[in-house]
Structures are given as C-alpha cells and as structure tokens.
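Next come the chains, spelled out residue by residue.
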Amino acid sequence: MWYPIPRQCREVAFYECKVGQSLFLNFSGRTYFYLIFYVCLQDTHCGNRMKLTSEKLPKNPFYTSQGAAKNQKFVQWIKEKNDHYNHANLMDKALQILKERITKGDAMAYFLRGQLYFEEGWYEEALEQFEEIKEKDHQATYQLGVMYYDGLGTAANAAKGVEYMKKIIDSPCPKARHLQFAAAYNLGRAHYEGKGAKRSYEEAERLWLFAADNGNPKASVKAQSILGLYYSTKEPKELEKAFYWHSEACGNGNLESQGALGLMYFYGQGIRQDTEAALHCLREAAERGNVYAQGHLVEYYYKMKFFTKCVAFSKRIADYDEVHDIPTIAQVTGCLPEFISRGMAMASFYYARCLQLGLGITKDEATAQHYYSQACRLNPTLADELHALLIHQRI
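Residues numbered from 1 in each chain as written. Predicted model: local features only at pLDDT ≥ 70, side-chain atom pairs only at ≥ 80, totals over all residues. Heavy atoms only, no water.

Asks: What is the right way to look at the overall build of the chain in this model?
Replies: Regarding its fold elements, the chain presents 19 helices and 2 strands. Taken across its 395 residues, the chain has 52% of its residues classed as buried. (Helix = DSSP H or I, 4+ residues; strand = E, 2+ residues; numbered from the N terminus. Buried < 20%, exposed > 50% of the residue type's maximum accessible area, 1.4 Å probe, protein only.)

Asks: Help me understand the packing of aromatic side chains in this model?
Replies: By convention here, two paired aromatic rings are described through the distance between centres and the angle between planes. Summed over all chains, the structure comprises 23 aromatic pairs. Taking 6.5 Å as the distance between ring centres and 80° as the angle between the ring planes, the aromatic pair formed by Tyr-192 and Tyr-230 counts as edge-to-face. Of this pair, Tyr-192 sits in helix α8 (residues 177-193) while Tyr-230 sits in helix α10 (residues 221-233); the two residues are 38 residues apart in sequence, bridging distant segments of the chain. By the burial criterion, Tyr-192 is buried, and Tyr-230 matches it. Here the aromatic residues Tyr-185, Tyr-192, Tyr-201, Trp-208, Tyr-230 and Tyr-231 are joined through ring pairs into a cluster of three or more. (Phe/Tyr/Trp six-rings, centres within 6.5 Å; stacked < 30°, edge-to-face > 60°.)

Asks: Mind showing me how you'd approach helix α3 (residues 87-103) here?
Replies: Every α-helix winds through 3.6 residues per turn, so residues three or four apart in the chain are directed the same way. With 17 residues, α3 extends 24 Å between its outermost C-alpha atoms, agreeing within 8% with the 24 Å of an ideal straight helix rising 1.5 Å per residue. The complete set of buried residues in α3 reads His-87, Leu-90, Met-91, Ala-94, Leu-95, Leu-98, Arg-101 and Ile-102. Summarising the axial view, the buried residues of α3 lie within an arc of 130°, below the 170-degree limit, and thus occupy one face. Exposed positions of α3 whose direction lies more than 90 degrees from the buried face are Lys-99 and Thr-103. Gly-105 occupies a position one or two residues after α3 and carries a positive phi of about 90°. (Expected span 1.5 Å × (residues − 1). Arc of directions from axis to C-beta.)

Asks: Looking at this model, I keep getting lost on the side chain of Gln-129. Mind explaining?
Replies: Considering the arrangement of structural elements, one finds Gln-129 in helix α5 (residues 123-133). Residue classification places Gln-129 among the buried residues on the basis of a relative accessible area of 5%. Apart from residues no more than four positions distant in its own chain, Gln-129 is found in contact with Tyr-110, Arg-113, Gly-114 and Tyr-117. (Contact = heavy atoms within 4.5 Å.)

Asks: Help me out: how do you make sense of a negative patch on the surface in this one?
Replies: On the surface, Glu-124, Glu-125, Glu-128 and Glu-132 cluster together into a negatively charged patch. Relative to the helices and strands, Glu-125 is located in helix α5. (Patch = residues over 30% accessible without salt bridge, like charges linked within 9 Å, V, L, I, M, F, W, Y side chains within 5 Å. Areas by Shrake-Rupley, 256 points an atom, 1.4 Å probe, with all protein chains shown as cover. Salt bridge = Lys/Arg side-chain N within 4 Å of Asp/Glu carboxyl O. Lys, Arg positive; Asp, Glu negative; His and termini not counted. Charge placed at Lys NZ, Arg CZ, Asp CG, Glu CD.)

What follows is the structure, encoded as structure tokens:
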C-alpha cells in the first residue's frame, strides 16, 4: 500500500485512529509441531523482497498564517466537541462547516473535504472530490496517485498512480515542493515492486536517496528507513549504509528504524556490538508499539531465563488479533505489517515453548499446540527457523 501521517503509540494505550475516536487494542516441539508446520506452510513472502507501504500525505507548509489559524481552530473545535457528539454527528457537523466554507469560496475547503472522506475510509467520495480539484490542488493529485496505485475507491491502476506521482515530481510549482520527497519515495517503491513502472532496484535506490535527502527531517523519513531495510537485505548486504540510514530515520522519529537499530547493535551488524545500546533501543521501540522489537525482547528474556517475564510479555503479544490488530498497528505506528506479524510469530513460538516445558507457567501442551500453530500461520519461515533451533536444543 502506498502510504497516504505517522503517529506514535504505546504498547498498552488507547490508539488514536480517527477524529474524535479511539480504539483500544487489548494487549491484555515435537511430532505435533511437524504436523502444524506442514498444514501452515504457505509462505506469503515474495523471496527476500520487502512488502512496502505508501508514503502518507506530507503536511503543507504553504498555508498562510490566517489559513493555518483557521484550520487549527477547526481541529480544536472537533476536540472540544468530542465529548458532546458521537462520531457520526461530529462528521456531519464537520462536513457542514466545510460546505459553508466552500460556498464562501475557500479553495482549501475542497481538499479538506476530500481528505476527511479519505481519513474516514469513504474512498469513492474522496476519489470524486480529488478528481474534481486535481488540476488546481497538488495535494489532491498526490492522493489520487496513492488511491489509484493501492486501489482505494477504485480498481487498482498502478500505471495511473505512477503518472500522478511523476506529475508531482516534475511540477515547477513551489506549492508542490513539499510533496516531492514523498512522491519520489512512492515512485521508488513502484520501481522496486515493478508495478506501474519497470522493475529496477537501482532506480528505486536512486529515488529513495533523493527522497531521503541526506537525513533531512523535512524530507521522506520513510525513505530513510526503507533505505536502511534495503541495504540490510540486498545482496551483497551493505550493513554500514543500513546502520547510517536507520540512525538518520530513528533520529527523525521513525519507529521501525529504532527497532532495527536495536537489532544491529545486538548482533554487531554495521556497528560494533553493544548489548546495552541494543536493549535501550529495543525497549524504547517496544514501549512505542514496535511489535517486532517486542518479539525480540521476548526472545531475549527467554534466553536469559527470565521465564516469568517472558511468559507475561509474550502472551500479550501473542494474543493480538492478527486480522484486525496488524493493519491497525501498522497504521498507527507506521511499521510494516510483515514485521508486525514476525514479532507476533516470535512471541507466539516462545510462549508455546514455555507452555510446553512449564517454564514460568503451568505446563499445558494442548495450549502450546495452539500457539505453535499460530506462529506457523503468522510466519511459516520464521517458525521453521525457530523449530530448527529447538531441534538442536538451542531453545
């Protein structure tokens, strides 16, 4: 998915999702393992290629101070009224205000209405609104690119999505400038995936380097993070470059890269091994909602024989709802769904192992089987790797 606005979250917290709403995420082997693994062996990964998401719509620095003040008052009004209106009533009021502003000739209100539709998941209405103003509003053009590429409110048309992103990059208009780094990231993704553009890892890398802009916090922080992942997964690996870009992205607030830095410190990849720095990064990332970091902390607690802590922590992660929580966590944290599911699979496996052996919890092989099966379903490849370690008595 092309990412159409990063938010931080904590491991046990109310996750802000839509205007005026919150969603609470409840964080509250042997022969049978082979059978489970055989049934679940359907890897959804495409080789070693990353599954990427779109860059969200960047904030517009070109609002006039008066316009910014108006929008700030509008957002404040929504927050103040949240206690007095249910969500449907609140949206009706917001749309009414935007309609009045459109009637008075407020050009920005057209886009804001389309963006409100988009944020609410009313994609067909958003698409219609953005199509109406695409020649006058670069942000509408950008969102159309995201929607056509990802098939939101319309049939997926990657080539058309790429065309809109190229319009943003090629535009000489100063009002399109704040969108160009994000558009370059999205075009890089298109070349990386070979969707709507010729597959070319070299062109993807070139576009991501442009989008990352030497670590500029006002550029695409997502591109900075993806470069870290790219250099750590390509062949041959370039781990020093990977560490550099994860450091830049982490310094600019990227949660995915904070967890990745923890692992690079832990295993001495691209940097000298430093367990203290590794645990600091992993714990901070875990507290902010990085499920992959949480999974690796579970593994660390198990190996250090902190079984009670391992059980308590792993159960919370293993009990996330894979259907609903993975996309929600991805939206809130900006982390890739692939790594969220890996973290959940790791937690499920180690929780199952503790149940199987009675480590830090009462022995329960039937429940252990359930969590082994869940680990296989979430990530068969990772479950296979962990089972190989189990066979060699390394778990």
